[in-house]
Number of protein chains: 2
Amino acid sequence: MRIEVINTGSELLLGSTLNTHGAWLGQQLMNLGLRVQRLTVVPDGDAIRDALDESLKTSDAVIVTGGLGPTSDDVTREAVAEVLGVELIEDEHALRCVVGFFDRLGKDMTPSNMKQALNPVGADVLPNPHGSAPGVYVPPRLGSSSCAIFLLPGPPHEMHAMYDAEVAPRLKALTDVPEGDGVKMLKFSGVGESRFQDELDTALHGIGGLEVGYCARPGELDLRLIGSEEKRERGGAMAVDAYPEAFINADGRSLEQTVVEALEFGGLTLASAESCTGGMIASRITDVSGSSKVFTHGYVTYADDAKVVMLGVAEDSLGRYGAVSEEVAREMARGALERSGVDIAVSVTGVAGPGGGSADKPVGLVWLGMSVREDGEVKTFAEKRFYPNGRVLFKQLVSQAVLMKVLRYTRERACK
Amino acid sequence: MRIEVINTGSELLLGSTLNTHGAWLGQQLMNLGLRVQRLTVVPDGDAIRDALDESLKTSDAVIVTGGLGPTSDDVTREAVAEVLGVELIEDEHALRCVVGFFDRLGKDMTPSNMKQALNPVGADVLPNPHGSAPGVYVPPRLGSSSCAIFLLPGPPHEMHAMYDAEVAPRLKALTDVPEGDGVKMLKFSGVGESRFQDELDTALHGIGGLEVGYCARPGELDLRLIGSEEKRERGGAMAVDAYPEAFINADGRSLEQTVVEALEFGGLTLASAESCTGGMIASRITDVSGSSKVFTHGYVTYADDAKVVMLGVAEDSLGRYGAVSEEVAREMARGALERSGVDIAVSVTGVAGPGGGSADKPVGLVWLGMSVREDGEVKTFAEKRFYPNGRVLFKQLVSQAVLMKVLRYTRERACK
């Protein structure tokens, strides 16, 4: 099956916005065993017509994102109707979707939103629970085309939800993916792509008939195995055996979700005491639905004074060792544990940069602390790490390292 | 001048790599007053031929990235020669470039690198100081085409350097860009795309010769104005006058950066007391370099008990009104202000969902509190909002609303 993607949006061509839709759709289609053969980006407005015209000639399915909004440069619906040679009419189902969306928000629909209720005759309306723009599905052999067409809204959360609910099942039905061939994605943290390449790649390729791919993200590596179930499982086991400490999961859940579930499984509660990550650890954990069962207290002690008042860190320790030190990391973790009454408290104190570094304590240095309650006894540890990667990436990598520590500790404790 | 970009690389279509080349080139060309009219991504290998063929038909210039390497799926040079109908020969200048690169590294050239010394007859060689692959410039009216073609290497640092040194000057010479045409981007929050369309779009288009575009993100809207400086400024002023409360900035900085700078300008400090946003407000603020000057204390009081112990919220208020209430939002803000000693404290308490909602307090309900110190006197406010958009988006929208409140308050206070 030949699939093409068309992304509309002038901002994607002006350099002000990275095209994340292309990569996201590529990954989702890969999960179905499908591959994008061409991706085209065109500005808002009329250019979508020519791009559609070309893609319809050579493809079995085309996915278009964007141009379904209420403004005058949103013309994707019109372009599809024109290229197919079918009429565009006000659709009752589409209208209910638009009206329903504004009802749920308790807001009034504006006249320009009426345009979003238009649909090419014979096409299906795809509901959009997260926005005003319904999507469109044109089945193959409608009008002048033999190509399936999906029109999805531009905002990422709307597009993702609609793809999952409406596009993936239809594509599955349209395609004939080889039985049993599928993709397995394993998530690791703390082991790099080149180590995989040097230490494990040959063995994985030795399985034969297994396609091996990697995707590196900040502090995370996806290992992608494509092949029969038996081969995927064999390759996956090989990778987990090689790096058990680095393994997150094999089911696509986020690290934070994996942590929350491990804590809940172990009946444990968590608190965080953050300096340089500024609340990112707490925020990542509370992204997970149900996290309130395991996460209760978060201390964002950015100023020295906050460390003293909120966590009981000794002024003497701050003066003698400085805020970025093993001693302060330990006192932060211990203070958070005692003041909150949880089972596990983590702490971070470091130099995020770009300012504030010194020869002794350079930008990127961070101390990670952990204090735990085991059989009524409190144990406190700390370790040093170094992430000289710029402020935002530093926060991401440090929060990743802390979540991995919690995951490993929780798993080990469950095995005791 | 009609310009197209073609990016080759299978990784860009499998979802493992974001296409940053497209955005980077878009921005560079914009700086020359030029726009990318279409961007096409194709996998490694033969697909480049068809893409080139199509782009040459309609464009004045085509920029291709990738496919100049030494491996068998690097076929961009071959494709260009074939499409133009000219011969590909070993070029002395190109060979000197390749050999010189390996000399500088003190490494031996491998036989497969010989391929990189091939060049279409009549095309210029573009030196590559950072890699083994020389670039190619095909001037207009060579072979069967009247289009200028640039072939650039895929690695970003090689591509960027070659663009700056070789491509930009040639494009400037080829084009005749109207003096002073440029882009202005204004950021708003709290006013939707459809309101702009209904209330302001006609007036903006009335300026004439001004291109108007929108890009909506969760809780944020970019207004893009392209035209002469005078027209851009006139349109921008019109939009800011229409929605002064919603205006963030006109220079592309993030909302959090704008907030930090406004606080610093006003000599004010900030603390946060977060329940449902779980630290996201603190984390967004501390993404900004230098935020430690204005942000000192963050309280993530996810559990009721944390609200009592960390912020001094009355147990009686929690029992009588519930955690999600005006009273608790006020006590949280006031507690944070008093315990931290800052000038402004913000608080949020709400139902992020998916669980925890009731008829009285549905998922999406949130109370935003603010407590400020003005001339030694403490004033505390709270207001209700409703974002029934799912957990992660809820956090984003609530943190956006809180940051906007801080920005407005800080700006108003500066005007007093």
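One numbering rule holds for all chains: residues counted from 1, following each sequence as written. Starting at A for chains and at 1 for ligands, labels are handed out in the order in which the entities are written. Under the rules for a predicted model, residues below a pLDDT of 70 receive no local features and side-chain atom pairs below 80 are neither given nor counted, while totals for whole chains, interfaces and linings still include all residues.

Caption draft 1: Looking closely at the overall build of chain A. Helix and strand assignments come from DSSP, with helices taken as H or I runs of at least 4 residues and strands as E runs of at least 2, each series counted from the N terminus. Secondary structure assignment for chain A yields 15 helices and 17 strands. Taking the principal axes of its C-alpha atoms as reference, chain A extends roughly 80 × 55 × 40 Å. Working definition of burial: number of other C-beta atoms within 10 Å of the residue's own, with buried at 20 or more, exposed at 12 or fewer, and partly exposed in between, all C-beta atoms being placed from the backbone. The 416 residues of chain A split such that 51% are buried. By definition, residue pairs are in contact when their C-beta atoms, positioned from the backbone, come within 7 Å. Within chain A, contacts between residues separated by at least 24 positions form 67% of all contacts whose residues are at least 6 apart in sequence.

Caption draft 2: Just helix α5 (residues 156–174) of chain B, in detail. A residue's bend is the angle separating two fitted axes: one through the seven residues that end there, the other through the seven that start there. Of all bends in α5 of chain B, the biggest is about 45°, found at Tyr163 of chain B. In this structure, the buried side of α5 of chain B is in contact with α1 (20–31), β3 (61–65), β6 (124–126), β7 (135–138) and β8 (148–152) of chain B.

Caption draft 3: Molecular detail of the interface of chain B and chain A. Each side of the interface is counted separately: chain B has 70 residues, and chain A has 72 residues. Side-chain classes are defined by residue name, with Ala, Val, Leu, Ile, Met, Phe, Trp, Tyr, Cys and Pro counting as nonpolar, Asp, Glu, Lys and Arg as charged, and the others, Gly among them, as polar. Split by residue class, the side of chain B that touches chain A holds 32 nonpolar, 26 polar and twelve charged. Two strands are said to pair when DSSP picks up at least two bridges between them. Taken together, the three bridges between strand β2 (residues 36–42) of chain A and strand β2 (residues 36–42) of chain B define a ladder with antiparallel strand orientation. Bridge assignment links Val41 of chain A to a residue of β2 of chain B, and that residue is Leu39 of chain B.

Caption draft 4: Molecular detail of the sheet that holds strand β9 (residues 182–188) of chain B. Residues and elements named next belong to chain B. The antiparallel open sheet is built from four strands, whose spatial order is β10-β11-β9-β12. Every interior strand has two partners, whereas the edge strands, β10 (211–217) and β12 (247–249), have only one. Sheet twist, expressed as the average angle between the axes of neighbouring strands with direction ignored, equals 30°. Helix axes use the C-alpha atoms of the stretch in contact, all axes being lines fitted to C-alpha atoms, and the angles between their N-to-C directions lie in the range 0 to 180 degrees.

Caption draft 5: Region of the structure containing the nonpolar core. Take the buried Ala, Val, Leu, Ile, Met, Phe, Trp, Tyr and Cys residues, join any whose C-beta atoms are within 7 Å, and the set you get is a nonpolar core. Residues Val80 of chain A together with Val80 of chain B are the most contacted members of the largest nonpolar core, which totals 233 residues. Here this core gets nine residues from one element, more than from any other, and that element is helix α14 (residues 391–415) of chain B. Other than its neighbours up to four places away in sequence, Val80 of chain B contacts Leu52, Pro120, Val136, Val138, Ile149 and Leu151 of chain B.

Caption draft 6: Region of the structure containing the sheet that holds β2 of chain B. What the twelve strands build is an open sheet, ordered β6(A)-β7(A)-β8(A)-β3(A)-β1(A)-β2(A)-β2(B)-β1(B)-β3(B)-β8(B)-β7(B)-β6(B); its pairing is mixed. Two strands bound the open sheet, and with one partner strand each, they are β6 (124–126) of chain A together with β6 of chain B. Along the sheet, successive strands turn relative to each other by an average axial angle of 15°, direction set aside. Judged from the three bridges that link them, β7 of chain B and β8 of chain B form a sheet pairing that is antiparallel. Residue pairing for β8 of chain B: Val136 of chain B is matched across the bridge by Leu151 of chain B. The strands that helix α3 (residues 47–58) of chain A touches are β1 (3–8), β2 and β3 (61–65) of chain A together with β2 of chain B; relative to β1 of chain A, the one it contacts most, it runs at about 175°. Packing against the sheet, helix α6 (residues 156–174) of chain A makes contact with β3, β6, β7 (135–138) and β8 (148–152) of chain A, and its axis sits at approximately 170° to β8 of chain A.

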